[in-house]
Amino acid sequence: MERSTIDLWVGIFVALGVAALLGLAMKVGNLTTSNIGATYTVTANFENIGGLKPRAPVKSAGVVVGRVSEIKFDATTFEAVVSLSVDKRYVFPKDTFASIFTAGLLGEQYIGLEAGGDDAKLQNGDKIIKTQDAVVLEKMISQFLYNKAAETPKAPETSGSTSSVVDALGANPLDNTTVNTTINTLDNKGKTDIAQPVAP
Amino acid sequence: MIRSKLLTSAIRTLRNIGSRFTERIWRMGAGARLFGLIVVSSGECLRRPRLVVREVYFTGVMSLIIILVSAFFVGMVLGLQGYNTLQTYGSSEAIGVLVALSLVRELGPVITALLFAGRAGTAITAEIGLMKATEQLSAMEMMAVSPIARVLAPRFWAGVIAMPILAALFCMVGVLGGYLVAVPLIGVDAGAFWSQMQASVDWQHDILNGMFKSVVFGVACTIIAIFEGYDAPPTAEGVSRATTRTVVTSSLVVLGLDFILTSFMINI
Amino acid sequence: MTQTTDPQNIVEIDNLSFGYKGRMLHQGINMAFPRGKVVAIMGGSGSGKTTLLRLIGGQLKPNKGQVRVEGQVVHQQSRDGIYQLRRKMGMLFQQGALFTDLSVYENVAFPMREHTDLPESMIHDLVLMKLNAVGLRGAHQLMPTELSGGMGRRVSLARAIALDPDIIMYDEPFAGLDPISMGVICDLIRTLNDALGATSIIVSHDVKETFSIADYVYFVAGGTVAAEGTPDDLRNSHLPFVHQFVHGEKDGPVPFHYAAADYKTELLGFEQRAFEHTRQLQE
C-alpha cells in the first residue's frame, strides 16, 4: 500500500526533525549546561557597567555560576541596577564582592563574584553591597597619563583636561617615552592574550 | 506634437504604476482573506490528519535531499570562510560559534525558506493552479466538498509543519558540515569547537528564536504558494506565471520578514 | 413576478439575469426541468450554457431572478444549505475533472468517503457497482492519465452518480469524443437517468446525439431562451435560428463574422495610418 509507505516516510521525517532539534539543543546549544528555573536572583548596583550585556556570564573563580538576567537604570541614584540569576546549587555569603571584568583585553565583559566571610547567605532578591565598576580602557589610560603628569614637578598647573596633559607630556621627553612603553606593553599584552590559544 | 506624445506616454506610465500598485494591494487583501478562510476551515484537517500527513510527505520529505545537501555545503563554506577570517585574529576555535550562530539565527531559517519556496512552493502553486484549470476544484465544490478545507488547508498545515523541521535539519547538518571542515580538515581542537559553541549558543534566544522564525516563514511561504495557485488564471501561461510569482514573492517576503523578526529579537 | 413552484419540476429557473462585469450573459431566462426527464440546453459556444449549470449548482449568484432546486431558492441558501442541495446533484464536467492524483477507484470513492461513514468493504462494493454501470470495472486500478478521453468521461460519470443524485448535470458530454465513445455516453445518460429515476440536464451543442436522448430541449441565444420544445418540434421548426443550428448552416441569424468595422474601410484605413506614421517619422 502506498499510504503506509508515505506514513513511514513522514514518520522518519518528523523523527529526524526532532532529533535535529534535540541535537541543536544538547550539542550546539546550552540546554544541558543552563538549568532553567533552578536559579535565584540577586541585584547589584554599579556606577558604570561598561559594555556589560544581558545574558553575560556570572563567574566565580572562573566557573560560570549564573547569567546577567536584566540591566536597568535607576533614575534616583543614577546607577545601573544589574540583576543576576545565580544557580541554586551555589550559595554565596552576604558580603560577596561583585566586579565587572573583561575577558582578555577586548573580550566580552562578565561579572566576577568573590566570596566574603559572612555567615549569612545571599537570598533571592538580596542586594550585593560591595561592587566594583567596569574598567573603561579610555578612562584608565587617561587617568594613567594624568597621574604621570601630576607626578612630574615641572608640569604646569592643569585643570585635568586631556589636551593640557598632552601638552605637558610634549614638553617632557622622559614622560613621553614612559607613555609609549606603557602603550606598547598594553599592546603586547593584548597580542599575547589573543594569540595564546592559536596553537592547534 | 512631440510634447503631447510625451505627456500621454507619461500619463500612461503613471497609470500603469498606479494600477500595478492597486493590484498588489488587492492581492495582499485577497491573500489575507484566503489565509483566514484556510484557518477557519481547518477542522477537516484535525478530523482527518492523514490528509496533512500526505502533504507533509510531498512538501517535507521530498524537499529533504535539496535541504540536506545545501545545508552541508553551506556549513562547510562557513567553516572555511570563518577559519580564514578568525585565523588573522588568532581565535580559530571560535569557528564553531561562528558556524552555529550564523546557521541557527539566520542562514538556517532563511535558506530553508528560500529553498522551500523553490522546491515545495512552486509544486504547490502548479498543482493547485492545474487542479483549478482542469476544473478539479470546481468538481469538488459541486460534490459539496470545500476545496479550501480539502485541498488548501492540508497543504497549508503541511507547509507550516515541514518548515521548522527542515530548518532544524538544515542547522544540524550545517553544523556537522562546519565541524567536518574545522576539525578533521583544518585541525581545530574538537573539544574547543563544541565547548565554545555551547558556551555562546543559547537554547532559548538563538535556537528557539530561529525555530520561531522558520514557523513564520512556513506560514508565509505556504500561503503565498497556495494563493498564487488558487488565483492563477486557468491557462498554461497563467500557471507558469503564478509559479514564478510564488518564488519571487516568497523570497522577498521571507527576507523582509527576517529583518523585522530579527530586529524584534535583538531588541528584546 | 414570483411563480409558485410546481412540484413536478425539480429545478426551475425564473426570470434569471446574469452577467460578468457589466456584460450581460443572460437576460430573463425561464426554464423548468421536470422530474425524471432528460432536458437539454443547447446553444452556440459562448451563449452561457455552462454558466447556467453553475447557477443551478450555486457556484454563481444571479444578478436578477432566481433558480429553485426542490423549491428552494439556491442563491438565498447559506453555504451549508447550498452544500446540502449539491449533495443531491451530480455533475459531469467538460474535461472530466478527475482528480489526477487519485486512481480511478479512489476518484469514484471520493464522494462516498467525503459524505458518508460507510465501511471500507461497502465502499469497495459500491465503487465497483458504479464502475460496472459505466463498463469500466476492469479499469479501477488505473490512474486518470492512463485513460482515453471517452473512458475518462465515463469514470467521471461514475463519480457523478456515486451518491445516487436526484439531478445529474452534463457539461458538454459529447465534446471531443470519437463516434463510438459518443454513442456509449449517449446511451449511458439515458439508461442511468431511467435506472436511477434522476433528472438529467444536458448542456451541449451536438444536435444529433442530444436530440436522440432528450425529452425536451431549450435553445439559448442572445441571453434568452430562443426556442423550446421536444426534439421533434425543433427539427421541424421554422424559426431561422433553430433551423440554422439544427441543420448546421454556416450563415444565418448567427453571422459568420464576429461584429467588426466595415471590411473595406478597415483594410484601407490601415494603409492610411501607416502612411501617416511614416510621414511623422520623416518629420
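Residues numbered from 1 in each chain as written. Chains lettered and ligands numbered in written order. Predicted model: local features only at pLDDT ≥ 70, side-chain atom pairs only at ≥ 80, totals over all residues. Heavy atoms only, no water.

Quick look at empty space enclosed by the protein
Rules: A 1.4 Å probe that fits into a set of points on a 1 Å grid over the protein atoms alone but cannot get out defines a cavity; an open set with protein on both sides within 12 Å along at least five of seven lines defines a pocket, and lining residues are those with an atom within 4 Å of a point. Grid points are joined across faces, edges and corners, and a volume is the space filled by probe spheres set on the points. Strands here are runs of E lasting at least two residues and helices are runs of H or I lasting at least four, both read from the DSSP assignment and numbered beginning at the N terminus. Any residue that is not Ala, Val, Leu, Ile, Met, Phe, Trp, Tyr, Cys, Pro, Asp, Glu, Lys or Arg is counted as polar, Gly included; the first ten are nonpolar and the last four charged.
Enumeration over the complete set of coordinates arrives at one cavity of 30 Å³ or more. The space that makes up the largest cavity amounts to roughly 140 Å³. When contributions to the lining of the largest cavity are tallied by element, the ones reaching two or more residues are α6 (136–142) of chain B together with β6 (89–92), α3 (104–115) and α5 (149–160) of chain C. In terms of residue count, β6 of chain C provides more of the lining of the largest cavity than any other element does, three residues in total. Taken together, the residues that form the lining of the largest cavity break down as eleven nonpolar, two polar and three charged.

Some thoughts on the layout of surface pockets
Put simply, the second largest pocket is a space of about 1000 Å³. For the lining of the second largest pocket, the secondary structure elements donating two or more residues are α1 (2–40), α5 (95–133), α6 and α9 (203–231) of chain B together with α1 (49–56) of chain C. Broken down by element, the residue count for the lining of the second largest pocket peaks at five residues, all from α1 of chain B. Of the residues belonging to the lining of the second largest pocket, the class tally is twelve nonpolar, seven polar and nine charged.

Quick notes on the interface of chain C and chain B
Rules: Should any heavy atoms of two residues lie within 4.5 Å, those residues are counted as being in contact. By buried area we mean how much accessible surface two parts lose on assembly, using a 1.4 Å probe and totalling the loss over both. Salt bridges are counted wherever a side-chain nitrogen of Lys or Arg sits within 4 Å of a carboxyl oxygen of Asp or Glu. Pairing of N or O atoms within 3.5 Å defines a polar contact, subject to two protein rules: one partner must be a possible hydrogen donor and the other a possible acceptor, and residues neighboring in sequence count only if both atoms are side-chain atoms.
With 24 residues of chain C at the interface, the matching set in chain B holds 21 residues. Of the roughly 2000 Å² buried between chain C and chain B on both sides combined, carbon and sulfur atoms contribute 53%. Our enumeration of links across chain C and chain B arrives at four salt bridges. Measuring nitrogen to oxygen at the nearest pair gives 3.1 Å for the salt bridge that ties R48 of chain B to E114 of chain C. The interface formed by chain C and chain B holds eleven residue pairs in polar contact (both at pLDDT 80 or more) in total.

Considerations on the interface of chain B and chain A
Counting from both sides, the interface comprises 33 residues of chain B and, opposite them, 28 residues of chain A. Approximately 2800 Å² of surface area, both sides summed, lies buried where chain B meets chain A, with 71% of it carried by carbon and sulfur atoms. Of all residues in chain B, R50, Q198 and W203 of chain B bury the most surface against chain A, accounting for 21% of the area lost on that side. At the surface where chain B touches chain A, the tally comes to one salt bridge. Between D7 of chain A and R50 of chain B there is a salt bridge, and its shortest N-O distance comes to 2.4 Å. The tally of links between chain B and chain A comes to three residue pairs in polar contact (both at pLDDT 80 or more). Mapped by element, the contributors of at least two residues to the side of chain B that touches chain A are α3 (49–59), α5, α7 (147–186), α8 (190–200) and α9 of chain B.

Some remarks on the confidence of the model for chain A
Threshold: Values of pLDDT, the confidence the predictor places in each residue, fall between 0 and 100.
Residues with a pLDDT of 70 or more make up 68% of chain A, whose mean pLDDT is 75. Under a pLDDT of 50 for its full length, residues 192–200 of chain A has, in the predicted model, nine contacts with residues more than four places off or in other chains.

Here's the deal with the pattern of salt bridges
Scanning the entire structure with this criterion turns up 31 salt bridges over all chains. Of the charged contacts, one joins E23 of chain B and R27 of chain B as a salt bridge, the two residues approaching to 3.8 Å between their closest N and O atoms. Here R27 of chain B and E23 of chain B lie together in helix α1, a separation of four residues that amounts to about one turn. Here R54 of chain C makes a salt bridge to E135 of chain B, at a shortest N to O gap of 3.2 Å. Placement of the pair is R54 of chain C in helix α1 and E135 of chain B in the loop between α5 and α6, with the two residues belonging to separate chains. Connected through shared salt-bridge partners, E23, R27, E228, D231 and R245 of chain B make up one network.

Notes on the packing of α3 of chain B against α7 of chain B
Residues and elements named next belong to chain B. Rules: Axis lines are fitted to C-alpha atoms, over the contacting stretch for helices. Their N-to-C directions set the angle, which ranges from 0 to 180 degrees. An angle below 35 degrees is treated as roughly parallel, one above 145 as roughly antiparallel, one from 65 to 115 as roughly perpendicular, and anything else as oblique. By definition, turning the near helix anticlockwise from the far helix through less than a right angle yields a left-handed crossing, and turning it clockwise yields a right-handed one.
Relative to each other, α3 and α7 sit at 60°, their axes nearing to 8 Å. Taken together, the axes of α3 and α7 lie oblique to each other. Of the two possible hands of crossing, α3 and α7 adopt the one that is right-handed. Touching L51, V52, E55, V56 and T59 of α3 are R150, P154, R155, W157, A158, G159, I161 and A162, all from α7. Considering only residue class, the contact of α3 with α7 consists of eight nonpolar, two polar and three charged.

Some remarks on the side chain of T243 of chain B
Residues and elements named next belong to chain B. Along the chain, the position of T243 falls in helix α10 (residues 236–267). There is a polar contact of 2.6 Å between the side chain of T243 and the backbone oxygen of V239. Among all residues touching T243, those that are not within four sequence positions of it are T122, T125 and A126.

Regarding the packing of aromatic side chains
All names here are of chain B. The condition that has to hold: Two rings from Phe, Tyr or Trp (for Trp, the six-membered ring) form a pair when their centres are within 6.5 Å of each other. A pair whose planes differ by under 30 degrees is stacked, one over 60 is edge-to-face, and the rest are tilted. For each residue, the accessible area found with a 1.4 Å probe, counting protein chains only, is set against the maximum for its type, and the residue is called buried under 20%, exposed over 50%, and partly exposed in between.
Applying the stated rule across the entire model yields eleven aromatic pairs over all chains. Relative to F58, the ring of Y57 lies with its centre 5.4 Å away and its plane at 80°, an arrangement referred to as edge-to-face. Looking at F58, the relative accessible area reads 33%, which means it is partly exposed. Considering the side-chain rings of Y179 and F193, the 5.4 Å spacing of their centres and the 70° angle between planes classify their relative orientation as edge-to-face. Residue Y179 is found in helix α7, and its partner F193 is found in helix α8; the two are separated by 14 residues along the sequence.

Some thoughts on unusual backbone geometry
Within the chain, A61 of chain A stands out as a residue other than glycine whose phi angle is a positive 55°. Mapped onto the fold, A61 of chain A is located in the loop between β2 (57–60) and β3 (63–74). A positive phi angle, close to 50°, is found at E172 of chain C, a residue other than glycine. Mapped onto the elements of the fold, E172 of chain C is located in the loop between β7 (167–171) and α6 (179–196).

Some points on the pairing of strand β1 (residues 39–46) of chain A
Across a regular strand the side chains alternate sides, sitting on one face of the sheet and then on the other. Residue and element names in this part refer to chain A. Rule in force here: For two strands to be treated as a pair, DSSP must find no fewer than two bridges joining them.
Pairing analysis gives eight bridges linking β1 to strand β4 (residues 79–87), with the strands arranged antiparallel. Bridge assignment links V42 to a residue of β4, and that residue is L84. Relative to strand β7 (residues 127–128), β1 runs parallel, the two being bridged by two bridges. Bridge pairing in β7 places A44 opposite I128.

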